[in-house]
Every structure is written in structure tokens, then in C-alpha cells.
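# Commentary on secondary and tertiary structure
What follows is each chain in one-letter form.
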Amino acid sequence: MKTENNNSKKQKSTFLVRELLLTEGPQSQASISRKTGLSPAMVNYVVKQLIELNAADIHWINGREGIVSLTSKTGRYISILVNLDKISGSLFIFESELKVDFEYIITQDCSQENNPDTVIKLLSDVLSKLNLSFNDISGLAISIVAPLDVESEAIISWSAGRLPGWRDIKIKSFFEDKFGSTVVVGNDANHSTLAEWTWGVGRGIEDFVYIACSKQIGGGIIINNHLYKGSNGMAAEFGHLIIDNVGPVCFCGCRGCLTTFISERAIIMNLSKSESYKNSLQEIISAAGEDDAACQRVLLEAGKDLGKALANIAKILSPGMVAIGGDLAAAGPLFFDSVIATIDEHNLGTVSQAIDFKTAKIVHQPEILGGLAALLAKKNQGISDLPDWIK
């Protein structure tokens, strides 16, 4: 009985240390002891165990104080992003510190090619070039640009028309049958949230909100250090917050959704009423930086529209931090200052003063990195800091 209690205590202690290193990053053993309440002896035991399992490293400072960080030295993981116009992803081989990127372009007249079978073929081709098979993979993460129903494992019906090749597919079960290993499936914005919370500006924030503003608008919520999906997986569909009930019709069937005001397509359409024509949000941001008045105007208005939405989110959730990611986050002070001013205007500073609003740090492949974070968590592993070969 005493042995069982000791083992249970060690398991709980390992969990506490691992969670601290994952959420707050590298720490000294003294800091770990102070923050977890564990004795220095127990912390020393746990750290040694993690090192033996190749799950942690110690970096010595001045030969005296050791900084402990989580690491992962084994495993082969695939994380993919299913977008409307392409399927992209990365294979991470930890033993050799190798990252292999790949993508498959979906042409507009062949949208049915965007389906699970195409993913299987793409992954099979990538692995065969490395003399690997599905059996060699430790886990697969799938991020998909659509809301997912938790129970059915499928894309929500009102959004399925945008990805017809995935309609009514039980995504997780489909890939588990093919791979026979760990599979995690998530909304692209939820996985981006995980990446930003794990390795970005959200690290160490217990209650965190992330919103991505690019071709589409999405987001995620962390509550008490856990991703909140809601009862059916539909939590944090920020793109469908209604900010003007007589606004444009959204693909979801409602009027005035945030997506109809600040998505890339919406901003381009707004700009098209002027004589300044641009083909992408990045072109608009670049032109605004060169004093194109029309481009500056549409970014200013986008900031105000996002500010309205974030003011309401802040009132409901009151998170410790809100991070803005996606292409629009690169629009600079003109956009960001407009967001903050509108938030202050709509809640009179009663809520926003306690919330830190920041631009996201993870700007390259946040969905794919978030999928990797989800896989590592599922495997009870983690990485305190992203190594250069993964970035």
C-alpha cells in the first residue's frame, strides 16, 4: 500500500513538473519547487526521470544552476492542414531533427480532389521517398478549415459545402483505420491557438484567447490551461459573431458576421469601391505602408470592426490575454491602434484595462505547429521551446 502511494505521488509530481515546463517554459529546479510546491528532492527525482526518458534536458548556467526544459528526441509525427485550395503539411522526424514540408494544390475545377483519399495518397508518396510507411509514424494531426462536430467527427453541415469531398466523413475514425496510430483532428483555428499558447505570446497565460484574421476568421479559447471546444466543438467561432444585423450575407446564412467585414475577400471588396485595386490582403497592407489612402482606410475600418467583436469577447470571457494572428496582424499600428481604441470605446475601460492585447508570435504554419503540439500532448510529451529545425 505504501509503495502504491509513493508511485502515485511520483506520477502526480511528474505531471505537475511537466505541465509547468510546458505552460511556462524552461525553469530552474528551484523555481519548479517553488511554483509546484514540491520538495527539492522530489523535483530532482522527477527531472532525472524525465532526462532518462529523453523527455527533458538541463542547460547549466555558470556550472551551478541548471535550467530544465522539455524536449522530445524520439518520434515521427505528421501534421497537415486541409485548406480550400490546397493540402499542406510537415513530417517531423525527431531522431534525426528533420522536417519535411509538402503540399498538394487543389485547382478550382477539381475541388472534389480535396478529400481524405487524396491525403492518404499524398502522405504515402511523401513517406515512400524516405523509405517509410504508415507503420513508422507515431501520430497524425489534421487541421481543417471548417467547424467540426465533436460527436460525429464530421464537418458541420452548414459548412460542408465548401469542402464537398469531406462531407459526412468521420475524419478521425477514417485516418485511425488507415494509420493504426494516434490521430488528432481539429479546427485550424483551435490548433493555431494551441501553437500560440504553447510557444508564443500566450505561454503561461491560464485564460487565453486567440483570433486569426486572414482569408477566413477563426479563433480559439484556453480556459484554465485547457482548450475549450464547447459541447459540440463549435466554441470560438469568432468569424460568425454578428456585428451588424443588416450587414452582408455570410456563407453560414446569417447577416453581418465578422467574416463579412474583415476576411481577406471582404477587405478586398471594400477596397474595390475605390480606384485602388489589389489582389490580396498582403498587397493592401504593403500599399498602406506606402501611404495609399484607400488601403489605409479599409485597414482602419477593419480594425474598428475587429475591435467591436473583441470588446464583446472581453466582456464575456475576461481572459488574461488576447492574441491577434493571421495576415491582418501584420497591418501595423494603423490597424492595431484602431482595434484597441474601439475596444476601449465599447467597454469604457472597465474590462480591457486588465487584458493584454498582443499580436501573435507564431506567424509561420501556426495550424501545423498546433497540430504537432496536440500530438505531443496526446503522447504525454512536449517541447518547452521550438528548436530551429522545427520552425
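Quantities reported herein were computed from a predicted structural model and do not represent experimental measurements.

What follows deals with the overall build of the chain. A tally of helices and strands in the chain yields 13 helices and 13 strands. Here the chain has a C-alpha radius of gyration of 22 Å; the compact-globule value for 391 residues is 21 Å, and the two agree. Taken over the C-alpha atoms alone, the chain extends approximately 75 × 50 × 40 Å along its principal axes. When each of the 391 residues of the chain is scored for burial, the buried share is 52%. Surface accessibility of the chain: about 18,700 Å² in total, with carbon and sulfur atoms responsible for 49%. The positive charge centre, built from 36 side chains, and the negative charge centre, built from 44, are 6 Å apart in the chain.

The next point concerns helix α4 (residues 116-129). Between its first and last C-alpha atoms α4 spans 20 Å; for 14 residues at 1.5 Å apiece the expected length is 20 Å, and the two agree. Where α4 is concerned, the buried positions are Pro-116, Thr-118, Val-119, Ile-120, Leu-122, Leu-123, Val-126 and Leu-127. Buried residues along α4 sit against β4 (76-82), β5 (86-93), β6 (98-105), β7 (139-144) and α6 (171-179). N-capping of α4 is provided by Asn-115, with a side-chain oxygen placed 3.0 Å from the backbone N of Asp-117.

Packed helices, taken two at a time, are described by the angle their axes make and the gap between the axes. In contact at an axis separation of 8 Å, helix α10 (residues 281-289) and helix α11 (residues 293-317) are set at 115 degrees when each is read in the N-to-C sense. The pairing of α10 with α11 is recorded here as roughly perpendicular in orientation. In the packing of α10 onto α11, the handedness of the crossing is left-handed. Residues Leu-281, Ile-284, Ile-285, Ala-287 and Ala-288 of α10 form the contact with α11, whose own contacting residues are Cys-295, Gln-296, Val-298 and Leu-299. For the contact of α10 with α11, the per-class residue count stands at 8 nonpolar, 1 polar and no charged.

A few words on the sheet that holds strand β9 (residues 208-213). Here we have 5 strands laid out as an open sheet, ordered β11-β10-β9-β12-β13, and mixed in their pairing. Each end of this open sheet is capped by a strand with a single partner; those strands are β11 (226-228) and β13 (356-359). Each strand of the sheet is rotated relative to its neighbour by a mean of 25 degrees, with strand direction disregarded. Across 6 bridges, the pairing between β9 and strand β10 (residues 217-223) is antiparallel. Its bridge partner being in β10, Ala-212 is matched across the sheet by Gly-218. In the packing of helix α7 (residues 188-199) onto the sheet, the strands contacted are β9, β10, β11 and β12 (321-325), and the crossing angle to β10 comes to about 50 degrees.

Pairing within the open sheet is mixed, and its 5 strands lie in the order β6-β5-β4-β7-β8. What marks the edges here is a single partner per strand, and that holds for β6 and β8 (182-187). Ignoring which end each strand starts from, the neighbouring axes of this sheet average 15 degrees apart. Contacting β4, β7 and β8, α7 crosses the sheet at an angle of about 105 degrees to β8. Set on the sheet, helix α13 (residues 366-378) makes contact with β4, β5, β7 and β8; between it and β4 the angle comes to about 140 degrees.

With that settled, the discussion passes to the packing of aromatic side chains. Two numbers describe a pair of aromatic rings. These are the distance of the centres and the angle of the planes. Here the structure, examined in full by the defined rule, presents 6 aromatic pairs. Measuring from ring centre to ring centre gives 5.2 Å for Phe-94 and Trp-389, while their planes differ by 85 degrees; the resulting arrangement is edge-to-face. Residue Phe-94 is found in the loop between β5 and β6, and its partner Trp-389 is found in the segment after α13; the two are separated by 295 residues along the sequence. We note that Phe-94, like Trp-389, is buried. Three or more aromatic residues joined by ring pairs make a cluster, and in this case those are Tyr-77, Phe-94 and Trp-389.

So, on to α11. Here α11 is 25 residues long and its end C-alpha atoms lie 36 Å apart, about the 36 Å a rise of 1.5 Å per residue gives. Two or three places before Ala-294, at the opening of α11, Asp-292 has a side-chain oxygen 3.1 Å from that residue's backbone nitrogen. Phi turns positive, to about 45 degrees, at Ser-318, one or two residues after α11.

With a phi close to 60 degrees, Asn-131 is a non-glycine residue in the positive phi region. Its identity is not glycine, yet Asp-168 carries a phi of approximately 65 degrees, on the positive side. In this fold, Asp-168 is placed in the loop between α5 (157-160) and α6.

The next point concerns the nonpolar core. By size, the foremost hydrophobic cluster in this structure holds 61 residues, and its most contacted members are Ile-78, Phe-94, Leu-123, Ile-155, Trp-166, Phe-175 and Ile-390. Sorting elements by how many residues they give to this core places α13 first, with 7 residues. Setting aside chain neighbours within four positions, we find Phe-175 in contact with Pro-116, Val-119, Ile-120, Leu-140, Ile-142, Trp-166, Gly-180 and Val-183. Of all hydrophobic cores here, the second largest spans 38 residues; its members include Cys-213, Ile-268, Val-322 and Ile-324.

The rules behind these values
Residues numbered from 1 in each chain as written. Predicted model: local features only at pLDDT ≥ 70, side-chain atom pairs only at ≥ 80, totals over all residues. Heavy atoms only, no water. Helix = DSSP H or I, 4+ residues; strand = E, 2+ residues; numbered from the N terminus. Rg over C-alpha atoms; globule rule 2.2 N^0.38 Å. Buried < 20%, exposed > 50% of the residue type's maximum accessible area, 1.4 Å probe, protein only. Areas by Shrake-Rupley, 256 points an atom, 1.4 Å probe, with all protein chains shown as cover. Lys, Arg positive; Asp, Glu negative; His and termini not counted. Charge placed at Lys NZ, Arg CZ, Asp CG, Glu CD. Expected span 1.5 Å × (residues − 1). Contact = heavy atoms within 4.5 Å. Polar contact = N/O pair within 3.5 Å; in protein donor to acceptor, adjacent residues only side chain to side chain. Axes fitted to C-alpha atoms, helices over the stretch in contact; angles between N-to-C directions. Parallel < 35°, antiparallel > 145°, perpendicular 65-115°, else oblique. Left-handed = near helix turned anticlockwise from the far one by under 90°. Nonpolar A, V, L, I, M, F, W, Y, C, P; charged D, E, K, R; others polar. Pairing = 2+ DSSP bridges. Phe/Tyr/Trp six-rings, centres within 6.5 Å; stacked < 30°, edge-to-face > 60°. Core = buried A, V, L, I, M, F, W, Y, C linked by side-chain atoms within 4.5 Å.

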